[in-house]
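Residue-level listing of the chains:
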Amino acid sequence: MTDIYAEAGVRMVELEVDGQPVTVREGATILDACKKAGIHTPTLCYGETLRPANVCRVCVVELEGARVLAPACSRLAEAGMKVLTDSPRVRHSRKLVLEFLGSSVDLSTAPEAQLYVQQYGADSERYGPPAPPSGDRDRARAGHHRVPDGQTAATVHQPVKIDNDLYVRDYSKCILCYKCVDACGEQYQNTFAIHVAGRGFDARISTELNVDLPDSACVYCGNCIAVCPTGALMPRSEYELRERGEWKPVEQTVTRTVCGFCGVGCNLDLVVQDNQVVRVDSPDDHDITRGNLCVKGRFGYEHVQNGGTKRPLT
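What comes next concerns the included structure. (Residues numbered from 1 in each chain as written. Predicted model: local features only at pLDDT ≥ 70, side-chain atom pairs only at ≥ 80, totals over all residues. Heavy atoms only, no water.)

Observations concerning the packing of aromatic side chains
Link 1 in the chain: Applying the stated criterion across every chain, the model contains 2 aromatic pairs.
Link 2 in the chain: Between Phe100 and Tyr127, the aromatic rings sit 5.5 Å apart at their centres with planes inclined by 55 degrees, giving tilted as the arrangement. One end of the pair, Phe100, is in helix α2 (residues 88-104); the other, Tyr127, is in the loop between α3 (111-119) and β6 (167-169), with 27 residues separating them in the sequence.
Link 3 in the chain: Classification of Phe100 by relative accessible area gives partly exposed; the value is 46%.
Link 4 in the chain: Ring geometry for Tyr167 against Tyr220: centres 6.2 Å apart, planes inclined by 70 degrees, an arrangement best described as edge-to-face. Within this pair, whereas Tyr167 is found in strand β6, its partner Tyr220 is found in the loop between β8 (204-207) and α5 (223-227), the two being separated by 53 residues in sequence.
Link 5 in the chain: When its relative accessible area of 3% is taken as the criterion, Tyr167 is described as buried. (Phe/Tyr/Trp six-rings, centres within 6.5 Å; stacked < 30°, edge-to-face > 60°. Helix = DSSP H or I, 4+ residues; strand = E, 2+ residues; numbered from the N terminus. Buried < 20%, exposed > 50% of the residue type's maximum accessible area, 1.4 Å probe, protein only.)

Structure representation (structure tokens):
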């Protein structure tokens, strides 16, 4: 891998992170500078292979002399900048964001978010018990938000969408990070099968006109699943195992191989449990695919479990 810092002609920027001098290349973000300084910064909407969406606000940091906190994932590092990543103001802001998410979203399959909740002492229960589920969230219209009762915490709950054999959409776990939209859109797949509908708290991910996935433009590449940080989008095989209480990560193995469906050479990470493939991912650092697959690579593994074809291919 090329070390950009060793390349001639690369301009460097010197800044300070938590009192520690750091030098990064021009165009790097504060998050890059934090990584170089060995400082872990929480992120949820950020993805290594996506452009920063800058929506979750969990990564905010304090800049000396600045009026407002800045998102580390998208704000570029500047010469002379003095960054505070763990000030009382930063910790308070991150705690509030995590409390709002925890009070409105099911984070049960989001281990990173759960870790942050614990790390920042976020107490989402102080906003009251969850409000009764809304059965018409998909029909919410901009400007017609229902006034909350002030006693319970509104949630984004809606019924799980199981309308195909390959993957499941559970938007009660969606934090609106936009990753799936970006992966489906111009950054990866260029299919544009899903986007954000509604406004404000009623905003949600939806197909065009809220049709079922088989009636949408979806090509089932599953690249939205790969980038989802909360398990809102999940292979149906994984979902059904979790529903039966049989999803066992500690007993799973991951085997890397090369997809044989075509000549691109995509890497596949086969997640195997009880001698069965239960999920297929692809590494983000693959030079060609950057973690993306097609429908055959991500879901076309049944022939492996069924012992392969019994007749030679011609």
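Let's talk about the pattern of salt bridges
Pairing between side chains of opposite charge can happen when their charged atoms approach one another.
Link 1 in the chain: As enumerated under the stated definition, the model contains 17 salt bridges in all.
Link 2 in the chain: Residue Glu238 pairs with Arg279 through a salt bridge whose shortest N-O separation is 2.6 Å. Highlighted residues: Glu238 in helix α6 (residues 236-243) and Arg279 in strand β12 (residues 276-281), separated in sequence by 41 residues.
Link 3 in the chain: Under the relative-accessibility criterion, Glu238 is labelled buried at 4%.
Link 4 in the chain: Arg279 sits in the buried class, given a relative accessible area of 16%.
Link 5 in the chain: A salt bridge links Asp281 to Arg279; the shortest N-O distance between them is 3.0 Å.
Link 6 in the chain: What emerges from the salt-bridge pattern is a single network uniting Glu238, Arg242, Arg279 and Asp281. (Salt bridge = Lys/Arg side-chain N within 4 Å of Asp/Glu carboxyl O.)

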